Amino acid sequence: MEQQVAELAYALDTFYFLISGALVMWMAAGFTMLEAGLVRNKSTAEILTKNIALYSIASVMFMVVGYNIMYSDGINSFIPGIGFFISGDNTPADVAAGFTGDLSYDGLGDRPYYSDRADFFFQVVFVATAMSIISGAVAERMKLWAFLAFAVVMTGFIYPIQGFWSWGGGFLDELGYVDYAGSGIVHFTGAVAALAGVLLLGARKGKYGPDGQINAIPGAALPLATLGVLILWLGWFGFNGGSELKVSDVDSANNVAAVFANTNLSAAGGVITALIMSRLLFGKADLTMALNGAIAGLVAITADPLSPSPLLAAIIGGVGGVIVVFSIVGLDKLKIDDPVGAISAHGTAGIWGVMAVLLSNGDATFMGQIIGLAAIFAFVFVTSLIVWFILKLVMGIRLSEEDEYVGADVAECGLEAYPEFVKKS
Amino acid sequence: MEQQVAELAYALDTFYFLISGALVMWMAAGFTMLEAGLVRNKSTAEILTKNIALYSIASVMFMVVGYNIMYSDGINSFIPGIGFFISGDNTPADVAAGFTGDLSYDGLGDRPYYSDRADFFFQVVFVATAMSIISGAVAERMKLWAFLAFAVVMTGFIYPIQGFWSWGGGFLDELGYVDYAGSGIVHFTGAVAALAGVLLLGARKGKYGPDGQINAIPGAALPLATLGVLILWLGWFGFNGGSELKVSDVDSANNVAAVFANTNLSAAGGVITALIMSRLLFGKADLTMALNGAIAGLVAITADPLSPSPLLAAIIGGVGGVIVVFSIVGLDKLKIDDPVGAISAHGTAGIWGVMAVLLSNGDATFMGQIIGLAAIFAFVFVTSLIVWFILKLVMGIRLSEEDEYVGADVAECGLEAYPEFVKKS
Amino acid sequence: MEQQVAELAYALDTFYFLISGALVMWMAAGFTMLEAGLVRNKSTAEILTKNIALYSIASVMFMVVGYNIMYSDGINSFIPGIGFFISGDNTPADVAAGFTGDLSYDGLGDRPYYSDRADFFFQVVFVATAMSIISGAVAERMKLWAFLAFAVVMTGFIYPIQGFWSWGGGFLDELGYVDYAGSGIVHFTGAVAALAGVLLLGARKGKYGPDGQINAIPGAALPLATLGVLILWLGWFGFNGGSELKVSDVDSANNVAAVFANTNLSAAGGVITALIMSRLLFGKADLTMALNGAIAGLVAITADPLSPSPLLAAIIGGVGGVIVVFSIVGLDKLKIDDPVGAISAHGTAGIWGVMAVLLSNGDATFMGQIIGLAAIFAFVFVTSLIVWFILKLVMGIRLSEEDEYVGADVAECGLEAYPEFVKKS
Amino acid sequence: MKMITAIIKPFKLDDVREAISEIGVQGMTMTEVKGFGRQRGHTELYRGAEYVVDFLPKVKLEVAVDGELVDRVVEAISKSASTGKIGDGKIFITPIEQVVRIRTGETGAEAL
Amino acid sequence: MKMITAIIKPFKLDDVREAISEIGVQGMTMTEVKGFGRQRGHTELYRGAEYVVDFLPKVKLEVAVDGELVDRVVEAISKSASTGKIGDGKIFITPIEQVVRIRTGETGAEAL
Amino acid sequence: MKMITAIIKPFKLDDVREAISEIGVQGMTMTEVKGFGRQRGHTELYRGAEYVVDFLPKVKLEVAVDGELVDRVVEAISKSASTGKIGDGKIFITPIEQVVRIRTGETGAEAL
Ligand SMILES: Nc1ncnc2c1ncn2[C@@H]1O[C@H](COP(=O)(O)OP(=O)(O)O)[C@@H](O)[C@H]1O
Ligand SMILES: Nc1ncnc2c1ncn2[C@@H]1O[C@H](COP(=O)(O)OP(=O)(O)O)[C@@H](O)[C@H]1O
Ligand SMILES: Nc1ncnc2c1ncn2[C@@H]1O[C@H](COP(=O)(O)OP(=O)(O)O)[C@@H](O)[C@H]1O
């Protein structure tokens with residue numbers, strides 16, 4: 001029976017991984033809808049195109065090279081190795097070989113306890129998530145093909161290299177940097193690459209007035225934006241829930257359950273505080289702030305959705321909801337134009353999330369967390385800036401003024417997102 | 001191996017719970033889209049705000065106090081106890097302790113067989129469902145913050161108290177009231193609270209003419225409403241499928257499978273009959289009736305999705321689809337204005353569902369079902385009415401006439417759901 | 001413990017089936033949104049009605065008779081038997097009886113290893129998928145009730161009969177036709193029935209000009225179309241992933257994982273090549289082509305998502321993405337008007353998928369694959385044509401010119417999909 | 001023959017239509033327009049940034065009437081469209097030289 | 001110079017545009033409007049409740065033409081817009097005192 | 001009193017509004033229209049099929065002004081709406097016989 005029990009556990013963990021991965025894949029739809037709802041009509045079809053294309057590019061690039069960089073043996077703990085394509089999977093014999101009769105995490109030893117291919121699938125959707133964050137921040141003014149070129153480099157190299165540092169066994173792992181499902185490794189990374197792009201790209205025309213005034217450019221379809229956030233919320237159960245990496249024993253199952261409950265509560269906390277903040281600051285219940293609040297809550301808990309009590313999880317999310325509102329207003333003051341609030345929700349809230357680990361997780365150290373953030377920032381910002389800059393020289397990254405005025409949809413995709421609806425000019 | 005098998009079963013049941021709960025969470029998106037599609041443009045952003053906020057409030061309030069009321073020891077079988085926050089989880093030792101080598105439900109004894117935290121997560125999304133029902137019925141004219149205040153009381157106290165009666169081991173449980181996944185406990189409850197609110201609130205301006213005529217106020221975006229119903233349909237597999245509470249042995253697995261198949265067929269039956277009814281009564285295939293028919297079918301089967309044969313399940317749903325059409329038309333005659341048909345689909349069809357248990361489930365008694373409905377109605381209606389009334393006195397529950405004319409979006413949220421689209425005035 | 005392990009495996013496989021089936025059910029929402037996004041405003045509510053109604057009819061008809069045809073004993077290997085309604089499920093004793101202690105597929109013998117009701121549920125959503133394909137191709141000009149009448153025959157008889165040939169143990173199965181999850185059996189079948197309908201129905205008024213010009217009729221809401229494709233993408237993990245039919249041992253689990261990864265990569269490949277093709281051919285990145293490319297990639301891998309390496313999977317999808325672009329342009333040249341590209345994405349790409357099996361699966365033969373396609377085409381085309389023709393005689397299948405001009409929404413459903421938005425005339 | 005063009009508040013449309021119909025005018029054409037005038041727009045905050053709404057939604061009604069009816073129609077519109085608050089709108093009277101009913105080819109007052 | 005304003009059925013727009021272009025008129029301006037007239041709206045049922053559609057979608061075409069062309073344009077519109085059914089619409093002719101082409105500052109017939 | 005009707009490029013709306021306001025004109029009415037003219041539309045490809053966009057989005061501004069202001073307003077519009085490229089639009093001047101302010105019943109120049 002031992003073999004059977006080991007196989008069943010392997011099957012359950014693999015299935016759990018795959019379902020988690022499918023939920024994370026679903027986040028691609030969440031970002032797509034969120035961004036399509038928060039840009040203007042005239043940039044909607046292009047942002048849709050960008051999102052479905054970036055997901056596809058991420059999938060292929062990570063298969064071709066990224067996965068093998070991130071989980072390489074590594075030349076040293078800073079420089080990963082390289083490899084191509086995806087190799088085979090475990091055999092029943094591998095699985096049975098080291099089985100000690102103990103299903104718990106500690107009893108695993110070196111034994112493979114889930115399918116490698118399932119692991120690849122789960123990882124591939126993470127890199128797509130990081131890339132999705134970027135498309136929103138540079139929306140409405142960046143050239144489609146320049147963006148997709150950046151996606152090739154980001155998902156094939158930049159993300160995997162920094163991912164190697166923590167999850168591939170590199171120096172951040174050794175240093176004790178704690179980041180359960182990737183507040184820093186995924187969300188902050190995406191936000192930093194976005195920031196580099198936005199700085200080079202500049203703001204949308206008309207966003208900032210000549211005498212310093214900040215003009216609102218309302219999103220065209222808030223139901224889609226709301227749907228997007230609810231999709232992300234659902235997908236996040238896979239993102240965080242799957243990051244326990246095991247469900248097949250009592251402790252792991254309890255952990256996964258705690259992660260689900262905390263993830264939900266943190267998002268809820270973010271919504272509530274962001275809504276209250278916007279009521280206090282602006283006098284109205286700004287729906288888009290509540291939406292960003294939800295994401296901020298989700299990002300904030302992602303660095304450790306396991307250790308906090310449910311109450312603390314709600315508070316961590318709640319603080320995230322406050323932070324995101326101030327961050328959005330603050331970035332606008334700095335004339336950093338982020339149409340969907342991605343840099344605030346994934347970046348600023350990501351920083352908070354990484355530091356909030358210290359509230360409940362004894363394994364984390366202040367220095368470890370700070371160094372983790374600094375390393376990610378330095379590496380991702382510099383490499384992204386270089387890549388954006390090269391693209392700028394080679395093909396240009398910004399739409400011509402006329403194309404921006406007409407809209408990326410007609411200029412880049414040759415069609416309109418809502419051709420039959422009469423729109424305000 | 002015994003310990004391992006017990007742990008694996010625990011893990012599988014926990015995972016099944018969590019996935020079911022995630023599907024139920026997804027119903028929040030379903031309600032949001034359904035309601036956003038069936039209100040007018042000018043109330044859309046506000047209904048989105050309400051939905052995401054009510055879900056968040058439900059999550060937090062149930063964590064803070066609701067869960068501990070619903071599953072308290074109880075002062076007696078009418079009055080539950082109270083407690084706060086969520087406590088720890090089972091240990092591997094607890095799980096192994098009472099393991100008899102029998103995985104079936106009967107063999108469980110007192111042994112915990114799934115994570116308590118997963119149970120909390122599964123329960124928390126149910127209370128959000130009940131609350132979501134209400135937002136649709138009071139849409140387009142209720143003040144945002146009054147509604148959210150009601151949500152605090154409903155999800156923290158009213159729902160948990162009546163939930164205690166059946167699912168927490170209170171007097172309805174003792175009396176033999178049968179309600180598998182909550183046609184009464186969740187859906188009828190939501191509809192009754194909504195009814196109390198609507199009665200106090202009155203109809204939308206222009207809905208009923210001076211000489212008794214009933215004016216149609218078409219929903220602004222039927223694709224969103226349809227998406228919402230399909231989301232609910234999917235989520236309901238978690239709602240009903242998870243309510244078996246166990247999947248880890250042959251009988252439980254078969255039961256869960258039967259619940260999935262029956263839930264699907266009942267919804268299908270509801271669509272078909274509602275569509276035919278609307279063709280017969282109105283001469284056209286009214287899509288919105290088909291949508292309400294799907295929900296009515298789902299609600300109707302929820303009180304017992306296990307006992308009926310697949311054919312009977314389709315019939316129970318089909319009757320639900322007929323009932324909902326007449327209920328919608330009937331409530332309009334009574335000048336009870338329910339923009340999305342929530343009271344009919346969850347209330348009237350909920351009554352039918354609770355009584356339809358008698359068709360196939362020998363454990364249910366006519367008196368037990370009737371008393372269950374009566375108790376829920378009496379308690380929820382009276383308490384809700386009181387809360388709505390207090391809110392009316394304290395802060396007012398209805399938008400000013402001008403705000404209602406301008407629309408809740410601008411009045412309450414300071415933005416528009418579709419700012420760039422030209423709309424009919 | 002043997003009994004327990006067998007039960008646990010049974011439970012896991014049943015749960016895996018149900019979750020896979022739920023994901024496939026979700027594809028109904030995908031088709032609905034895709035089609036609602038690609039038709040014009042004035043046909044949107046009707047296409048929504050068709051989609052929710054066809055899914056319901058498929059569910060009921062397959063329960064009443066289709067399932068019993070498809071999985072009948074068969075009069076011979078061409079003519080299936082008939083039967084009605086759904087019978088009972090396996091008992092714990094059945095499951096335990098033949099348990100050899102070997103969980104692998106080969107060790108199963110005749111032993112039931114998952115719930116029959118779960119199997120029914122999984123199958124029922126497949127027939128709905130086939131039917132969904134049709135609604136898009138005949139959109140904007142077919143009468144609602146004629147379409148629904150066709151759905152009754154298609155889901156109750158035509159699909160089950162040809163399904164019997166391969167999956168019910170009929171002659172295609174004997175002949176060695178290899179079609180893992182149904183590129184041919186489901187997708188090509190749907191496309192062929194659609195083609196028959198379109199040929200009888202003719203093109204939408206204005207689609208083809210008098211002197212051979214082809215006029216574009218842009219879809220009204222591309223965000224919905226994109227959402228639809230992302231929903232389908234997610235649902236396809238259930239469609240292909242569930243078609244392994246087992247997850248509970250190491251080999252099966254690895255297979256399911258490989259299927260997930262390959263399905264994802266093939267879709268990604270289709271997006272990338274379709275986007276590049278549209279850039280090369282039309283000068284712009286046509287989003288709708290990228291969307292059809294995703295579906296073509298998914299359809300193409302469906303005939304064998306297990307044997308190809310990840311790289312080959314991406315290539316198979318990539319070829320699908322190229323094929324679909326040429327197919328769409330080609331069908332337009334033949335004046336075959338398919339508003340959503342269903343015949344190309346499911347039919348042409350389906351043919352490619354069935355033949356692409358030969359690239360990696362040694363069990364498939366050229367003749368077997370060809371005969372499979374030919375048999376499906378011949379049977380489905382002829383029977384569909386006859387049914388469409390009878391419907392044409394009996395009730396008419398095409399909207400009157402005036403109704404088509406006004407739009408199916410007002411003509412058939414008596415309402416508008418977006419009544420408040422101002423639309424271009 | 002005159003064209004009476006009225007810019008009114010959207011929610012008064014039904015009242016105005018009824019008032020005109022009562023006088024016996026059988027047709028009119030309505031356009032959704034945006035008005036800028038003494039009734040100032042408002043400033044909204046969206047994500048903390050300002051958002052000025054200058055142009056307010058108005059409805060433009062065009063009614064072609066025969067000379068003798070002009071005054072009565074103007075009066076009917078004035079009364080039914082008035083709320084007494086700023087932004088109630090304007091009525092413009094302009095000359096029409098000829099009218100043709102497309103269906104019949106009728107011209108002049110008969111074409112109305 | 002005259003302004004010819006035609007209210008027509010939306011699906012006739014292309015025919016009318018072609019008919020006018022053939023005469024040599026080079027420009028026109030189109031507005032989506034709603035018409036109320038002898039062609040009555042219809043009553044729909046939505047969820048069992050009545051729903052009166054009073055105002056029907058129409059297209060308003062405005063064509064400024066020099067005096068001599070007026071009759072030919074009116075005739076061209078009349079013919080191409082006619083279906084013979086009620087609701088075909090009207091043509092109004094009104095005087096224009098001056099025209100300016102913004103780009104060049106040209107005025108009068110040259111500005112058209 | 002005259003009605004000045006200008007067909008302009010949509011993105012010039014704000015400039016034109018400001019230019020007119022500066023002269024002291026207090027009100028105007030804006031309509032979204034589609035223009036057909038020398039500025040030809042373009043052909044798009046959608047799924048490989050052609051798609052001609054004939055009518056381009058324009059904005060129609062209607063400004064009623066008292067006689068003396070007419071020239072200044074026309075000039076202000078001309079200047080502020082001009083890009084020098086084809087399609088800049090036209091200005092039409094037509095007579096108004098009477099104006100009424102609905103709120104007060106004022107007529108003539110006072111009603112503006
Ligand atoms: N000079 C004008 N020319 C054209 N339309 C005008 C003019 N002045 C006002 N309007 C229209 O009339 C509407 C109401 O005018 P406003 O000055 O706001 O209030 P009131 O009508 O009470 O004086 C404006 O929104 C605009 O559409
Ligand atoms: N007196 C009027 N003033 C302005 N527009 C009118 C008038 N009468 C009719 N119209 C416009 O002409 C359209 C057609 O008129 P209607 O009376 O329905 O049919 P017909 O043109 O065949 O007489 C109306 O929908 C309306 O837009
Ligand atoms: N004869 C006309 N009558 C009415 N509107 C016209 C006329 N000619 C042009 N227009 C309007 O003016 C706009 C600009 O005209 P166009 O010929 O394209 O360029 P330009 O104004 O530079 O000559 C057109 O889009 C149309 O709306």
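My aim in this report is to walk through the structure given alongside it, one point at a time.

So, the overall build of chain A
From N to C terminus, chain A includes 15 helices and zero strands. In terms of C-alpha radius of gyration, chain A reaches 21 Å, essentially the compact-globule figure of 22 Å for 425 residues. Along the first, second and third principal axes, the C-alpha atoms of chain A reach 70 × 45 × 45 Å. A total of 425 residues make up chain A; the buried ones form 72% of that total. In chain A, once contacts between residues fewer than 6 apart in sequence are set aside, the share between residues at least 24 apart is 80%. Taken as a whole, chain A presents about 11,100 Å² of accessible surface, with 64% of it coming from carbon and sulfur. Taking the average place of the 19 positive charges on the side chains of chain A and the average place of its 35 negative ones, the gap between the two points comes to 18 Å.

Description of a nonpolar patch on the surface
The grouping of Leu-311, Ile-315 and Val-319 of chain A together with Ile-82, Phe-84, Phe-85 and Phe-157 of chain B at the surface amounts to a nonpolar patch, some 600 Å² of accessible area in total. Mapped onto the elements, Val-319 of chain A comes out in helix α11 (residues 310-333).

Here we look at the pattern of salt bridges
Side chains bearing opposite charge may pair, as long as their charged atoms lie close to each other. Throughout the structure, instances matching the rule amount to 48 salt bridges over all chains. Arg-17 of chain E is paired through a salt bridge with Asp-54 of chain F; the nearest N and O atoms lie 2.9 Å apart. One end of the pair, Arg-17 of chain E, is in helix α1 (residues 13-23); the other, Asp-54 of chain F, is in the loop between β4 (49-53) and β5 (56-65), on a second chain. The exposure class of Arg-17 of chain E is buried, given its relative accessible area of 11%. Among the ionic pairs, Glu-106 of chain E bridges to Arg-101 of chain E, the shortest N-O distance being 2.9 Å. Each of the salt bridges in this network shares a partner with another, and the network as a whole consists of Arg-40, Glu-140, Arg-204 and Asp-337 of chain A.

A short note on the relation of the copies chain A and chain B
Rotating chain A by 120 degrees about the axis while translating it 0.0 Å along that axis superimposes it on chain B, leaving an RMSD of 0.0 Å. The transformation just described matches what one would write down for a three-fold rotation axis. Every residue of chain A has its C-alpha some distance from the rotation axis, and the shortest such distance is that of Val-422 of chain A, at 3.3 Å. Here only 19% of the contact residues of chain A are again contact residues in chain B; the copies associate through non-equivalent surfaces.

Topic: empty space enclosed by the protein
Where empty space is left can be seen by rolling a probe of water-molecule size over the atoms. On inspection of all chains with the given rule, the structure shows 16 cavities of 30 Å³ or more. When its volume is computed, the largest cavity comes out at roughly 400 Å³. In this structure, the largest cavity is lined by 23 residues; those nearest its centre are Glu-62 and Thr-94 of chain D, Glu-62 of chain E together with Glu-62 and Thr-94 of chain F. When its residues are assigned to classes, the lining of the largest cavity shows ten nonpolar, seven polar and six charged. Lining of the second largest cavity is provided by 15 residues; of these, Leu-23 of chain A, Ile-19 and Leu-23 of chain B together with Ile-19 and Leu-23 of chain C occupy positions nearest its centre. At the level of secondary structure, the elements contributing two or more residues to the lining of the second largest cavity comprise α1 (2-38) of chain A, α1 (2-38) of chain B together with α1 (2-38) of chain C.

Re the packing of helix α9 (residues 250-282) of chain C against helix α10 (residues 287-302) of chain C
Residue and element names in this part refer to chain C. Running from N to C, α9 and α10 point in directions that differ by 140 degrees, and their axes come no closer than 7 Å. As judged from the angle between their axes, α9 and α10 are oblique. Considering the relative orientation of α9 and α10, their crossing is right-handed. Residues Asn-262, Thr-263, Ser-266, Ala-267, Gly-270, Val-271, Ala-274, Leu-275, Ser-278 and Phe-282 of α9 pack against Met-289, Ala-290, Gly-293, Ala-294, Gly-297, Leu-298 and Ile-301 of α10.

Here's the deal with the pairing of strand β2 (residues 28-36) of chain E
A regular strand places its side chains on the two faces of the sheet in alternate fashion. The buried count for β2 of chain E comes to seven of nine residues, which makes it a mostly enclosed element. Strand direction decides the pairing type here: strand β2 (residues 28-36) of chain D and β2 of chain E, joined by three bridges, are antiparallel. Looking across to β2 of chain E, one finds that Thr-29 of chain D is bridged to Gly-35 of chain E. Direction of pairing for β2 of chain E relative to strand β5 (residues 56-65) of chain E: antiparallel, over a ladder of seven bridges. Looking across to β5 of chain E, one finds that Thr-31 of chain E is bridged to Lys-60 of chain E.

Quick notes on unusual backbone geometry
At Phe-85 of chain A, a position not held by glycine, the phi torsion is positive, near 65 degrees. Looking at the secondary structure, you find Phe-85 of chain A in the loop between α2 (44-70) and α3 (92-97). Even without glycine at this site, Glu-140 of chain C takes up a positive phi of about 80 degrees. Tracing the backbone through its elements, the reader meets Glu-140 of chain C in the loop between α4 (116-137) and α5 (144-166). Among the residues examined, Glu-140 of chain C registers a relative accessible area of 2% and is labelled buried.

What counts, and at which threshold
Residues numbered from 1 in each chain as written. Chains lettered and ligands numbered in written order. Predicted model: local features only at pLDDT ≥ 70, side-chain atom pairs only at ≥ 80, totals over all residues. Heavy atoms only, no water. Helix = DSSP H or I, 4+ residues; strand = E, 2+ residues; numbered from the N terminus. Rg over C-alpha atoms; globule rule 2.2 N^0.38 Å. Buried < 20%, exposed > 50% of the residue type's maximum accessible area, 1.4 Å probe, protein only. Contact = heavy atoms within 4.5 Å. Areas by Shrake-Rupley, 256 points an atom, 1.4 Å probe, with all protein chains shown as cover. Lys, Arg positive; Asp, Glu negative; His and termini not counted. Charge placed at Lys NZ, Arg CZ, Asp CG, Glu CD. Patch = residues over 30% accessible without salt bridge, like charges linked within 9 Å, V, L, I, M, F, W, Y side chains within 5 Å. Salt bridge = Lys/Arg side-chain N within 4 Å of Asp/Glu carboxyl O. Least-squares fit on C-alpha atoms with pLDDT ≥ 70 in both. 1 Å grid on protein atoms, 1.4 Å probe; cavity = no way out; pocket = protein on both sides within 12 Å on 5 of 7 lines; lining within 4 Å. Points joined across faces, edges and corners; volume = space filled by probe spheres on them. Nonpolar A, V, L, I, M, F, W, Y, C, P; charged D, E, K, R; others polar. Axes fitted to C-alpha atoms, helices over the stretch in contact; angles between N-to-C directions. Parallel < 35°, antiparallel > 145°, perpendicular 65-115°, else oblique. Left-handed = near helix turned anticlockwise from the far one by under 90°. Pairing = 2+ DSSP bridges.

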